[in-house]
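# Fold and geometry: a report
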Amino acid sequence: MPEPSAGPSGGDTAPTPGPVGGAAPEQSPAPALRDVLLTKGYLGLLLISALVGAPVSLAAFWFVGLEHELQHWIWESLPEALGHDRAPWWWPLPALLLAGLLLAPIVTRLPGRGGHVPVDGLGGPPAPPKAVPGVVLAALACLPLGAVLGPEAPLMAMGGGLALLAVRPARRAARPQLVPVLGAAGSTAAISTIFGSPLVAAVMMIEAAGLGGPRLLLLIMPCLLASGVGALVFTGFGHWTGLSIGALSLPSVPHSGVPDPGDFLWGLPVAVAVTVVCVAGQTLGRRVKVFTTGGPEHAGEPWSARRTAVRTVVCAVAVGACITAYALLTGRSPQEAALSGQATLGTLAADPAAWPVSALLALTLCKAAAWGIALGSLRGGPIFPAVLIGAAVGLACGPLPGFGTAPGLAVGLAAASTTVTRLPVTSTVLATALLGAESTELMPLLLVTTVTAFVAGELVRGAGARRAHRAAAARARLG
């Protein structure tokens, strides 16, 4: 990614964050850190970051609060009102059909198409302010109705777009280096507590930027400032209103001792298994994206908005079918496989013994299939469902001799997050935040797991890319 040549004051170099999971930008000589810190422009940028943190976080708080309340009403209150003790097995089919019907006009008519397709990750340039309404509407159309996606990507897009409103369009055009830095600050403010800790969001921006030295500090300070203000707003309004934001957290986790050789001997292949499942879901997502929106191979063909709308609805119903299959196979509530997964993750970690291995395997297969389809067609974030899938695989392997539930949970959390984000440091911090006090003894296993998952993910993706290249070459020869 090219770097801008002017900083906040017009003559300094400002860092540009790269996409999450993307390649590191090329490094260029930077001026002395003190010279940049003391410039009027950079101090103004810090002030803007602190000021935008509060309104952005307030908007994010009401968004996630509304999404959580709608989710509760659709999957709990409404079934009870209709005489069911829980959502019946068929409930996901009409719910996801409605989600597809609501989403189709958003992705074909509104600016920004409701945000980027989730299989593309979390990164990219900040969403322009005019795209924010479409991002919010798309997320509210998908997430409460059962789309197997998380709120993190819409929140980041919304936060970045709202933060840019703090700077006049003319100034953004005259100083383009403000856009990525201010967008990154807005994004971290918006997701400051959705991962359970504001530190996770800040570390994510550090690692995704691919920068080092003084340039890293210049980027991360606005992000830390906005994230701290955002966390304060989330905490204060959550206490004042009593609303839940459904953050990714584990109120209770299995007790762990010091990892022994058996934990490492089983942990490494389990991490690879989690990686393979997550990469398979992402591969399915890329194929579904081509199905719904076209791809490079369709570059010369007309691709109508009507086709995209119809195929979006078809994919939404397919997600509902996967969730319904889980309910029929296990006799359990379809809500466990629907939605982003943070509620099911908390229930799973609190009482793993209540889940037979067959239910964990069905959850893995059905949710991974639904997640893969949703990645290429609906709108939301990729991380939350992947973490639940990883946890299900890890806990399903917990009964293996010499392994255990706590190491299995830790391996699943870290491996899934690493595979999806391709950010091992961020994934280690996220797993540490989720496991709480138990993470101290599990830290060596977490570190080995993230490295194993990262390497395995790159190898599996590389092998897939080589197979695709050979298949394309064969088709070209036959054609």
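Because the structure is a prediction, the values reported are computed rather than measured. (Residues numbered from 1 in each chain as written. Predicted model: local features only at pLDDT ≥ 70, side-chain atom pairs only at ≥ 80, totals over all residues. Heavy atoms only, no water.)

### Overview of the overall build of the protein chain
Here is the rule we go by: Going along the chain from the N terminus, every DSSP run of H or I of four or more residues is numbered as a helix, and every run of E of two or more is numbered as a strand. We call a residue buried when its accessible area falls under 20% of the maximum for its residue type, exposed when it is over 50%, and partly exposed in between, using a 1.4 Å probe and counting protein chains only. Whether two residues touch is decided by their heavy atoms; if any such pair falls within 4.5 Å, the residues are in contact. Using a 1.4 Å probe, accessible areas were evaluated by the Shrake-Rupley method; residue-level cover was limited to the displayed protein chains.
When you go through the protein chain residue by residue, the secondary structure sums to 17 helices and zero strands. Looking at the protein chain residue by residue over its 479 residues, the buried ones come to 53%. For the protein chain, long-range pairs separated by at least 24 residues make up 79% of all intrachain contacts whose partners lie at least 6 apart in sequence. Accessible surface for the protein chain amounts to roughly 19200 Å². Of this, 68% is attributable to carbon and sulfur atoms.

### Brief notes about the nonpolar core
Looking at soluble globular proteins, one finds that nonpolar side chains tend to be buried together. What counts, and what does not: Put simply, buried Ala, Val, Leu, Ile, Met, Phe, Trp, Tyr and Cys residues joined by side-chain atoms within 4.5 Å make one nonpolar core.
Grouped together as the largest cluster of nonpolar side chains are 114 residues, with contacts concentrated most on Leu155, Phe195, Val319, Trp371, Leu378 and Leu413. With near-sequence residues (within four places) excluded, Leu413 lies in contact with Leu250, Leu345, Val387, Gly390, Ala391, Leu434 and Leu435.

### Observations regarding a nonpolar patch on the surface
Note the cut-off: A patch consists of residues whose relative accessible area exceeds 30% and which take part in no salt bridge; residues with like charges are grouped when within 9 Å of each other, and nonpolar side chains (Val, Leu, Ile, Met, Phe, Trp, Tyr) when within 5 Å. The term salt bridge refers to a side-chain nitrogen of Lys or Arg lying within 4 Å of a carboxyl oxygen of Asp or Glu.
Among the surface-exposed residues, Val451, Phe454, Val455 and Leu459 lie close enough to one another that they form a single nonpolar patch of about 350 Å² accessible area. Mapping Phe454 onto the fold places it in helix H17 (residues 439–478). You can call Phe454 partly exposed: its relative accessible area is 30%.

### Considerations on unusual backbone geometry
Despite not being glycine, Leu339 has its phi angle at roughly 65°, a positive value. Along the chain, Leu339 falls in the loop between helix H11 (305–330) and helix H12 (342–350). What makes Leu339 buried here is its relative accessible area of 4%. The residue Arg422 is not glycine, and still its phi comes out positive at about 60°. Along the chain, the position of Arg422 falls in the loop between helix H15 (405–421) and helix H16 (424–435). Overall, the relative accessible area of 32% leaves Arg422 in the partly exposed class.

### Observations regarding the side chain of Ser340
Looking at the element boundaries, Ser340 is found in the loop between H11 and H12. Judged by its relative accessible area of 6%, Ser340 falls in the buried class. What Ser340 contacts, discounting residues up to four positions off in sequence, is Ala147, Leu149, Gly150, Pro151, Lys367, Phe384 and Pro385.

### Section: the pattern of salt bridges
All told, the structure shown has four salt bridges when counted by the stated rule. Residues Asp120 and Lys289 are paired through a salt bridge, measuring 2.9 Å at the closest nitrogen-oxygen approach. Within this pair, whereas Asp120 is found in the loop between helix H3 (92–109) and helix H4 (132–142), its partner Lys289 is found in helix H10 (residues 261–293), the two being separated by 169 residues in sequence. Looking at Lys289, the relative accessible area reads 24%, which means it is partly exposed. As a salt-bridge pair, Glu458 and Arg461 come within 3.4 Å of each other at their nearest N and O atoms. Of this pair, Glu458 and Arg461 both sit in helix H17, three residues apart, roughly one helical turn. Relative accessible area serves as the criterion here: at 16%, Arg461 is assigned to the buried category. The network of salt bridges with shared partners includes Arg422, Glu458 and Arg461.

### What to know about the packing of helix H14 (residues 383–396) against H15
What counts, and what does not: Only the stretch in contact is used when fitting a helix axis, every axis being a line fitted to C-alpha atoms; angles between N-to-C directions are given from 0 to 180 degrees. By convention the crossing between two helices is left-handed if the near helix lies anticlockwise of the far one by an angle smaller than a right angle, and right-handed if it lies clockwise. Following the grouping adopted for this structure description, the nonpolar residues are Ala, Val, Leu, Ile, Met, Phe, Trp, Tyr, Cys and Pro, the charged ones are Asp, Glu, Lys and Arg, and the polar ones are all others, Gly among them.
It is at 7 Å that the axes of H14 and H15 come closest, and there the two elements cross at 145°. As for how H14 packs across H15, the hand of that crossing is right-handed. Of the residues in H15, those in contact with Ile383, Ala386, Val387, Gly390, Ala391, Gly394 and Leu395 of H14 are Thr405, Gly408, Leu409, Gly412, Leu413, Ala416, Ser417, Val420 and Thr421. Each residue belonging to the contact of H14 with H15 can be placed in one class, and the counts come to nine nonpolar, seven polar and no charged.

### Quick look at the environment of Ala309
Along the chain, Ala309 falls in helix H11. Judged by relative accessible area, which is 16%, Ala309 ranks as buried. It is 7.7 Å that separates the C-alpha atoms of Ala309 and Val107, two residues lying 202 residues apart in sequence. Leave out the neighbours within four places in its chain, and Ala309 touches Ala104 and Thr108.

### Regarding the confidence of the model for the protein chain
Here is the rule: Looking at any residue, its pLDDT shows the predictor's confidence there, from 0 to 100.
Across the protein chain, pLDDT averages 83, with 81% of residues at or above 70. Per-element averaging of pLDDT across the protein chain places helix H1 (residues 33–37) at the bottom with 58 and helix H13 (residues 357–375) at the top with 97. Confidence over residues 1–19 falls short of pLDDT 50; this stretch has 66 contacts with residues more than four positions distant or in other chains.

### Quick word on a positive patch on the surface
Stated precisely, the cut-off is as follows: Counted as positive: Lys and Arg. Counted as negative: Asp and Glu. His and the chain ends are not counted at all. To locate a charge, the coordinates of NZ of Lys, CZ of Arg, CG of Asp or CD of Glu are taken.
Together, Arg287, Arg466, Arg467 and Arg470 make up a region of like positive charge exposed at the surface. Looking at which element gives the most residues to the positive patch, the answer is H17, with three residues. Along the chain, Arg287 turns up in helix H10.

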